2 protein chains.
Amino acid sequence: MTRRDFIEKTGSASYLTMLGFGLIPEAKAEPLNLQRNKANKKIIILGAGLAGMSSAYELIKLGYELTILEARSRPGGRVWTVRGGTTETEIGGITQTCKFDKGLYYNGGAARIPHNHKLSLHYCREFNIPLEIFMNVNEGAYYYSEGTGKLSNKPVKIREIHADVRGYTNELLTKAIDKKALDEEVTKEDLEKLSAYLKEEGDLDIMKKYKGSERHGYKRQGGYGEQSPELASPHLLHDIVESGLFHPAFSNVGEYTFNQQPVMLQPVGGMDALPYAFAQRLEGKIQFQAEVQEIRKTSPGVKIVYKDKTGTVKEILGDYCICTIPLPVLKGITSDLSSDIRRAADFVPYMNTGKIGLQFKRRFWEEDDNIFGGISKTNMDITQIFYPSYNFMGKKGVLKGYYNFHDRALRLGNLSLAEREKVALEQGGKIHPQYKTEFESSFSLAWQKINYSKGGWAEYSESARKRFYPALIKPDDEIYLAGEHTSHLTAWMAGALESANSVVTQIHKRVNAA
Amino acid sequence: MTRRDFIEKTGSASYLTMLGFGLIPEAKAEPLNLQRNKANKKIIILGAGLAGMSSAYELIKLGYELTILEARSRPGGRVWTVRGGTTETEIGGITQTCKFDKGLYYNGGAARIPHNHKLSLHYCREFNIPLEIFMNVNEGAYYYSEGTGKLSNKPVKIREIHADVRGYTNELLTKAIDKKALDEEVTKEDLEKLSAYLKEEGDLDIMKKYKGSERHGYKRQGGYGEQSPELASPHLLHDIVESGLFHPAFSNVGEYTFNQQPVMLQPVGGMDALPYAFAQRLEGKIQFQAEVQEIRKTSPGVKIVYKDKTGTVKEILGDYCICTIPLPVLKGITSDLSSDIRRAADFVPYMNTGKIGLQFKRRFWEEDDNIFGGISKTNMDITQIFYPSYNFMGKKGVLKGYYNFHDRALRLGNLSLAEREKVALEQGGKIHPQYKTEFESSFSLAWQKINYSKGGWAEYSESARKRFYPALIKPDDEIYLAGEHTSHLTAWMAGALESANSVVTQIHKRVNAA
Ligand SMILES: Cc1cc2nc3c(=O)[nH]c(=O)nc-3n(C[C@H](O)[C@H](O)[C@H](O)COP(=O)(O)OP(=O)(O)OC[C@H]3O[C@@H](n4cnc5c(N)ncnc54)[C@H](O)[C@@H]3O)c2cc1C
Ligand SMILES: Cc1cc2nc3c(=O)[nH]c(=O)nc-3n(C[C@H](O)[C@H](O)[C@H](O)COP(=O)(O)OP(=O)(O)OC[C@H]3O[C@@H](n4cnc5c(N)ncnc54)[C@H](O)[C@@H]3O)c2cc1C
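Bear in mind the structure is a predicted one, so any value in this text is a computation, not a measurement. (Residues numbered from 1 in each chain as written. Chains lettered and ligands numbered in written order. Predicted model: local features only at pLDDT ≥ 70, side-chain atom pairs only at ≥ 80, totals over all residues. Heavy atoms only, no water.)

A. Spatial organisation of the overall build of chain A. Tallying secondary structure elements over chain A gives 18 helices and 25 strands in all. With the principal axes as the frame, chain A shows a C-alpha extent of 80 × 60 × 45 Å. Every one of the 514 residues in chain A was classed for burial, and the buried ones make up 62%. A fraction of 68% describes how many contacts in chain A between residues 6 or more apart in sequence connect residues 24 or more apart. Separation between the mean location of the 68 positive side-chain charges and that of the 62 negative ones in chain A comes to 4 Å. (Helix = DSSP H or I, 4+ residues; strand = E, 2+ residues; numbered from the N terminus. Buried < 20%, exposed > 50% of the residue type's maximum accessible area, 1.4 Å probe, protein only. Contact = heavy atoms within 4.5 Å. Lys, Arg positive; Asp, Glu negative; His and termini not counted. Charge placed at Lys NZ, Arg CZ, Asp CG, Glu CD.)

As C-alpha cells, then:
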C-alpha cells in the first residue's frame, strides 16, 4: 500500500496531513483542518453564495472577523429553491410570483449532488442535512425525436432504444469477429471471451442474432394464471437511425459522465437547505440587499463601496477581500482589480440556461406512465423534462418542463412568461398529452437574465481557460477571487466550495507568515 | 388511437371495462373494480402473505365473509423486514434474535418494487405508503473478481470497467465498419451514422481510438485553482478479460432487465409497511399462529383442519378456499387436492436464497468510498453486497453482506450462524477492509430453511411450467390456489397480487353466476 493508497483507503487524512505528505496535487478535496488564527484581521466577503458563505464559515472557525455583503435578500446565489411565494424580477423587468402548492418545489439552480463531490457531501453531513436520491436515469422515461422516421414524432420508452441498440451493435460486433475482421486487433482467446460476453450484453439469441429482448419490454407482460409474457418486437436499426435517435440529444450523459453517473443525491425538501444551513451559522455576519458598487485597494487592505437596503451608499474597510461575484456581474463593477482580472471578467463566456417548473393537478407521469424521477429527452427546444425525485405518489406534482442550454435557452429566455409556458406546454404536451388537462401553474427562469448572476456558470473554452483563468486564481494584492469560475469544477457547487477552501487556506497562511 | 392505446394513455380503465373490451390478455394489471356480492358466501384463506391478504381485502370490499389462517405470528410471509428484536428459528433449530440499533433494518424478503409493477404500486398508493428510491445501480460501487489477471483479487470501481469495455467494444465495431466487414449487413448511410454514434457512445478520440475517458475516472480530479483534472489510464482489454470481468457474475442485470431497470422503489422504513397496511384493514379476520394441517373437500365446500396457538386442533368450514401456501409447504399437508396439484407441489423447484444483514459502527462505504446505495458484485459465494438506500450519512448502517442463490445459498445456509457471519465478513472484507474494525452484529436468512416458506420462490424450468403449472391455475372444485407460484411473475410481489386479483374475480363470477 502506498501512502496515498493508505490515505484513500482509510479516508482519514486531513488536509494538513496530506500537505505534509506532499499529496495535495493528486488529493481529493478534504475538509479544512487549520490552526486557529492569532492575528486580528478583518475579511470582507462579497457574495453570500456557497463560495462566500463557506469561506466565512471556515474563517470564523479560525477566529477571523468578517462581513459578507450580499446584494440579494436571500443567501445561496445560484443555489435556489423555487416554492409558492418565491418572487423574481428579471433583468428587463419581467416579474413573477410562484403559485405552487405548499410542499411542492423545484431547484432553480443546483439540483443534484454527484456521489463523488466530497465537499458538497461534507457540508451536508456537517450540518445534518438529510439526503435522498436524485434519480438521474430512468429507462421508463421517454425519447421524443422531432423529425422523420418511424420512431420520430412520438414518445418512445428509453428502454426500447437502449435494448435494441445494444442488441444490434453487439450482434454486429459478434459478426465482425466471426468474419475475422478483428483478428489483428485482439488475440484469438480474448476474442472468444469477448464474443461470449457480447451475446450476454446484447441479449442475443443462440444464433448470435438480436431478435428482441425482454429488456425492450413486452407486448403483453407476464401476470397471473395463463397470462404468459409476450415480447414486443424490436425496432429496426434503420428506423432508430433514421428517426434521429443517434443524435447527441439522446446520448447517455446521465449514465456515463463521471459527474452524473449513478448515484446522485439531493437534500430532502430542496437544495437551499445547504445555503440556509450556512446562513444560520453566519447570523449577523451577512448584510442582505447590500449591492457592491466599487472594489478599491487601500494598499494594504481594501475598501468596498456598496448600496445598503435603504439605498444609502456606504463604505467598509478590511484587511483582505474574498470576491465571489460572478464574472458577468463583476464586469459592471468599478474596481482597482488588475487589468488581467478585468479582462477575464469581460471575456470568459457564461452559459445561457433556463428551467421552468410546471405544477400539475395530478402526477400523471407516475400514475399513467410509471415514471418515477429521471429524465425524458428530446431534440425540441425544451431539451429535457425532469420528473421530481420526491413525494412519489403524492397528489399534485411539479416537474421541470425544460432545462436547456445555449441558443435554446436564449431563445426561450427572450420570450414573455406566457410564451415560455406555452412552448413548455406545447412541446412537453407531445410527450405527455395529459399536460393539456392537468396543468395548473408555472415559474420559469432564464439565468442569463437573472440579476446578480447574469448566466448559469463559467463555460471555459480551452483557449479561455489558458488566457483568462490564471489571473483569476492568483491573489490581486489583498483581494482573492473565489467561486465556481475559479475552479476546474465549474457548473458545480463543489467547485465553489473547493475554491473557498483554497482561498481561506491561502489567506490564513499569508496572515500567519506575516 | 386504438382502444387499448386509449386505455393505456388515460390509465383510467377498470378491470371490467377491459374485460368488456376483450383486452384482458394484453392488458397490464389494473386495480379490481367489481360489483358487490349479493350471495352470503364464506371464504377460507390459507396464508396471510400478500396473495392471501390482498384476496381478503378485495373480497371484503365485495361483501364476503372470510377468515384467514396464518401459521406465523406476523403477516406478510416472504415480505419481511428484519429489525432489532426480530427473532427466527430455522428448520433444524437454529435460533437468532436481531440486535440492530433502532431505525436500522433490512428487507429479508422482497426489497425492491419495479416501476412497472402496477399492482404493487397500486396498493402502496391505496394505503398511502410513502415510497422512496431503491438504488439498484451504482457506478461507484465495486466489482471484485477472485481469480487470475491484473484486475482480480481487488475491488475495482464499476465505472472503470463499464467505461473501458464500452470504449473498446465501440472502437472495435468502428474498426470493423471501417474495414468494410459489415457492408453487407447495414446500408452505407446507416453505417456512417452508426459510426458517429459509436464514437460518442464509447468516448473515442478523434482517431476513433479508445484512449481512456473521464467516465472511467480520474487520477486527479479537477478542483480549485490550478488543480486541473488528470485522467486515469484505462485498463487493458486483455486485463479485463483475463481477470474474469466478462463473467456473468458481473453482467448488468440491474441496468438491463425489464424488472430491474431504473427506477426501482421501496417503502420508507421497510417493505413490511405493505403487509402491515393490509393486516390493519383485516383486523379480526386473521388468525395468527394457526397452522393448516389438512385441506378437505366437503363437496360442495371445504373443511380446513388447523392447530391454533394453544396447540388445539380445530376445524373451520367454508364455501370456497383460497390457498396461498407455498408449494414446498403444501407438499407436506394432507389434502383432498387433485393429484395434479399434489404432483406440482412435489416437483416444482424452489430457489435456494440467502441474505445476511451486517450492522456497522459507521457507514464507511459512504464516508470513505462514496457509495450511496447500489450493489457491489463478486464471483465469491457472497455474490453481492447491497448498500442501504436509506438514512444516508447517518451514523451507523446495515448493509446486506450477501444476497445469493442456488448452490451458493445452499452452501452458506448449511453453515452455523457464526460461520455464515464469518464468510460474509471474510469475503466482504476483501472489498471493504473496514469490515474488520467496524462490524457490530449480523442476522442471516436461508430461505430454504425458513418455516412456512421452505424456499425463495417457484423457479419454473420451461418443462416444469408446461407440466405442472396448468393444474395450479385451475380451480380444484371449491379450492383456488393463489400466490407468486401461480403467476408468470414469480419471485415478485406483483405476481402474488395479480394472482389474488384473478382468483377473487373468478370466485366472484362463479358466485354471481350460480
Ligand atoms: C441552472 C443551474 C443548474 C446547476 N446545477 C447544479 C447541480 O445540479 N449540482 C451542482 O453541484 N451545481 C449546480 N450548479 C452550479 C452551482 O449552483 C454553482 O456552481 C454554485 O452555486 C456557485 O456558487 P458561487 O458561490 O460560486 O456563486 P453564486 O452562487 O452565484 O454566489 C455569488 C453571490 O454573489 C452575490 N452578488 C452578485 N453580485 C453582487 C453584488 N454586486 N453585490 C453583492 N453581492 C453580489 C449573488 O447574489 C450571489 O449570492 C447549477 C447552476 C445553475 C445556474
Ligand atoms: C429473498 C427474496 C427476495 C425477494 N425480492 C423481491 C423483490 O425485491 N421485489 C418483489 O416484488 N418481490 C420479491 N420477492 C418475492 C415476494 O416476496 C413474493 O413473491 C411474495 O411475497 C409472495 O407472496 P405470497 O402471498 O405468494 O406468498 P407468501 O408471502 O409466502 O405467503 C404465504 C403465507 O402462507 C403462510 N403459511 C405457510 N404455510 C402455512 C400453513 N401450514 N398454515 C397456515 N399458513 C401457512 C406463510 O406463513 C405465509 O404468510 C422476494 C422473495 C424472497 C424470498
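B. Just the site of ligand 1, in detail. Residues and elements named next belong to chain A. Ligand 1 sits among 38 residues. The nearest are Ala51, Glu70, Arg78, Arg112 and Met493. Residue Glu70 places a side-chain N or O atom 2.5 Å away from an oxygen atom belonging to ligand 1. Contributing elements (two or more residues each) for the shell around ligand 1: helix 3 (50–61), strand 15 (291–297) and helix 18 (493–513). Two domains each provide a minimum of three residues to the shell around ligand 1, namely domain 1 (42–76 + 274–349 + 458–513) and domain 2 (81–111 + 351–449). (Near = heavy atom within 4 Å. Polar contact = N/O pair within 3.5 Å; in protein donor to acceptor, adjacent residues only side chain to side chain. Domains from an automatic or database assignment.)

C. Examining the side chain of A:His235 more closely. Residue position: A:His235 is located in the loop between strand 12 (230–231) and helix 7 (237–242). Excluding residues that lie within four positions of it along the chain, A:His235 makes contacts with A:Leu151, A:Val156, A:Glu160, A:Ile161, A:Asp164, A:Tyr168, A:His216 and A:Ile240.

D. Quick peek at the sheet that holds strand 18 (residues 320–323) of chain A. Residues and elements named next belong to chain A. Within the open sheet, the 5 strands sit side by side as 14-2-1-18-25. Their pairing is parallel. Across the chains shown, the open sheet's two edge strands, defined by having one partner strand only, are strand 14 (286–287) and strand 25 (479–481). For strand 18 and strand 25, the ladder comprises 3 bridges, and the chain directions are parallel. Across the sheet, Cys321 pairs through a bridge with Ile479, a residue of strand 25. (Pairing = 2+ DSSP bridges.)

E. Representation of the environment of A:Ala71 within the structure. All names here are of chain A. Structurally, the position occupied by Ala71 is in the loop between strand 2 (65–69) and strand 3 (81–83). Accessibility expressed as a relative area gives 18% for Ala71, which makes it buried. Each C-alpha atom, one on Ala71 and one on Leu46, is 8.9 Å from the other, the two residues being 25 residues apart in sequence. Residues within four places of Ala71 in sequence aside, it is in contact with Gln289, Ala290, Glu291 and Tyr452.

F. Molecular detail of the relation of the copies chain A and chain B. Note on the copies: chain A fits chain B at an RMSD of 0.0 Å, the axial shift is 0.0 Å, and the rotation between them is 180°. Look at the turn and shift together and you get a two-fold axis relating the two. Closest approach to the rotation axis among the C-alpha atoms of chain A is made by A:Leu173, whose C-alpha sits 2.7 Å away. A shared binding surface is used by both copies, with 100% of the interface residues of chain A retained as interface residues in chain B. (Least-squares fit on C-alpha atoms with pLDDT ≥ 70 in both.)

G. Quick peek at the site of ligand 2. Residues and elements named next belong to chain B. Surveying the vicinity of ligand 2 reveals 39 residues, the closest of which are Glu70, Arg72, Arg78, Arg112 and Met493. Arg78 places a side-chain nitrogen or oxygen 2.7 Å from an oxygen atom of ligand 2. Compared with its free state, where it exposes 990 Å², ligand 2 has 99% of that area covered by protein. For the shell around ligand 2, the per-class residue count stands at 22 nonpolar, 10 polar and 7 charged. Two domains each donate at least three residues to the shell around ligand 2, and these are domain 1 (42–76 + 274–349 + 458–513) and domain 2 (81–111 + 351–449). (Areas by Shrake-Rupley, 256 points an atom, 1.4 Å probe, with all protein chains shown as cover. Nonpolar A, V, L, I, M, F, W, Y, C, P; charged D, E, K, R; others polar.)

H. Geometry of the pairing of strand 24 (residues 439–446) of chain B. All names here are of chain B. Most of strand 24 sits out of view: 7 of its 8 residues are buried. Examined bridge by bridge, strand 20 (residues 353–360) and strand 24 share 7 bridges and lie antiparallel to one another. Pairing of Gln359 across the sheet is with Ser441, part of strand 24.

I. Focus on the sheet that holds strand 7 (residues 113–114) of chain A. All names here are of chain A. Ordered in space as 7-13-8, the 3 strands form an open sheet in which the pairing is antiparallel. Here the strands that pair on one side only, and so sit at the sheet edges, are strand 7 and strand 8 (131–134). In terms of strand pairing, strand 8 meets strand 13 (residues 264–267) through 4 bridges, oriented antiparallel. Opposite Glu132, over in strand 13, you have Gln266 as the bridge partner.

J. View of helix 5 (residues 158–178) of chain A. Residue and element names in this part refer to chain A. With 21 residues, helix 5 extends 30 Å from end C-alpha to end C-alpha; this agrees with the ideal 30 Å at 1.5 Å per step. Along helix 5, 20 of the 21 residues are buried, which leaves the element largely enclosed by surrounding structure. Positive backbone phi, at 65°, marks Lys180, one or two positions downstream of helix 5. (Expected span 1.5 Å × (residues − 1).)

K. Representation of unusual backbone geometry in the model. The step from A:Ser299 to A:Pro300 runs through a cis peptide bond, and the omega angle for that step is -5°. Inspection of the secondary structure puts A:Pro300 in the loop between strand 15 and strand 16 (302–307). With omega at 15°, the peptide bond leading from B:Pro262 into B:Val263 counts as cis. Take B:Val263: it is sitting in the loop between helix 8 (253–256) and strand 13 (264–267). Positive phi, close to 50°, is recorded for A:Gln289, a residue that is not glycine. Mapped onto the secondary structure, A:Gln289 falls in the loop between strand 14 and strand 15. With relative accessibility at 37%, the residue A:Gln289 sits in the partly exposed group. In this model, A:Thr383 sits at a positive phi of 70°, which is unusual for a non-glycine residue. Among the secondary structure elements, A:Thr383 is positioned in the loop between strand 21 (374–378) and strand 22 (384–387).

L. How the structure looks around the confidence of the model for chain A. All names here are of chain A. Mean pLDDT over chain A works out to 93, with 93% of the residues at or above the 70 mark. When the criterion is pLDDT under 50, residues 1–28 qualifies, and its contacts beyond four places in sequence or with other chains add up to 45 contacts. Scored as a complex, the prediction yields pTM 0.93 and ipTM 0.93. (pLDDT = per-residue confidence, 0-100.)

M. Structural context of the packing of aromatic side chains. Taken as a whole and assessed by the stated rule, the structure comprises 56 aromatic pairs over all chains. Judged by centre distance (6.4 Å) and plane angle (35°), the rings of B:Trp365 and B:Tyr387 are tilted. Of this pair, B:Trp365 sits in helix 12 (residues 364–367) while B:Tyr387 is found in strand 22 (residues 384–387), placing the two residues 22 residues apart along the sequence. For B:Trp365, a relative accessible area of 0% translates into the label buried. A ring pair is formed by B:Tyr460 and B:Tyr469, whose centres lie 5.4 Å apart and whose planes are at 80°; its orientation type is edge-to-face. B:Tyr469 gets classed as buried once you look at its relative accessible area, which sits at 4%. Counting every residue linked through ring pairs, the aromatic cluster contains A:Phe360, A:Phe364, A:Trp365, A:Tyr387, A:Tyr435 and A:Phe439. The ring of B:Tyr403 has B:Lys355 sitting right over it, with the charged end atom 4.6 Å from the ring centre. (Phe/Tyr/Trp six-rings, centres within 6.5 Å; stacked < 30°, edge-to-face > 60°. Lys NZ or Arg CZ within 6 Å of the ring centre and 35° of its normal.)

N. Structural detail: the interface of chain A and chain B. Contact residues are listed per partner, giving 96 residues for chain A and 96 residues for chain B. A combined buried area of about 8600 Å² lies between chain A and chain B, and 61% of that area is made up of carbon and sulfur atoms. Counting every contact that joins chain A to chain B gives 4 salt bridges. One can count 34 residue pairs in polar contact (both at pLDDT 80 or more) joining chain A with chain B. Counting residues per element, the side of chain A that touches chain B draws most heavily on helix 5 of chain A, at 8 residues. The residue makeup of the side of chain A that touches chain B, split by class, is 38 nonpolar, 29 polar and 29 charged. (Buried area = accessible area lost by both parts, 1.4 Å probe. Salt bridge = Lys/Arg side-chain N within 4 Å of Asp/Glu carboxyl O.)

O. Inspection of the pairing of strand 17 (residues 313–318) of chain B at higher detail. Residue and element names in this part refer to chain B. Bridge analysis of strand 16 (residues 302–307) against strand 17 gives 6 bridges, and the strand direction is antiparallel. Note that in strand 17 the partner of Lys303 across the bridge is Leu317. Hairpin geometry of strand 16 and strand 17 is characterised by an intervening segment of 5 residues between the two adjacent antiparallel strands and by a positive phi of about 95° at Gly311.

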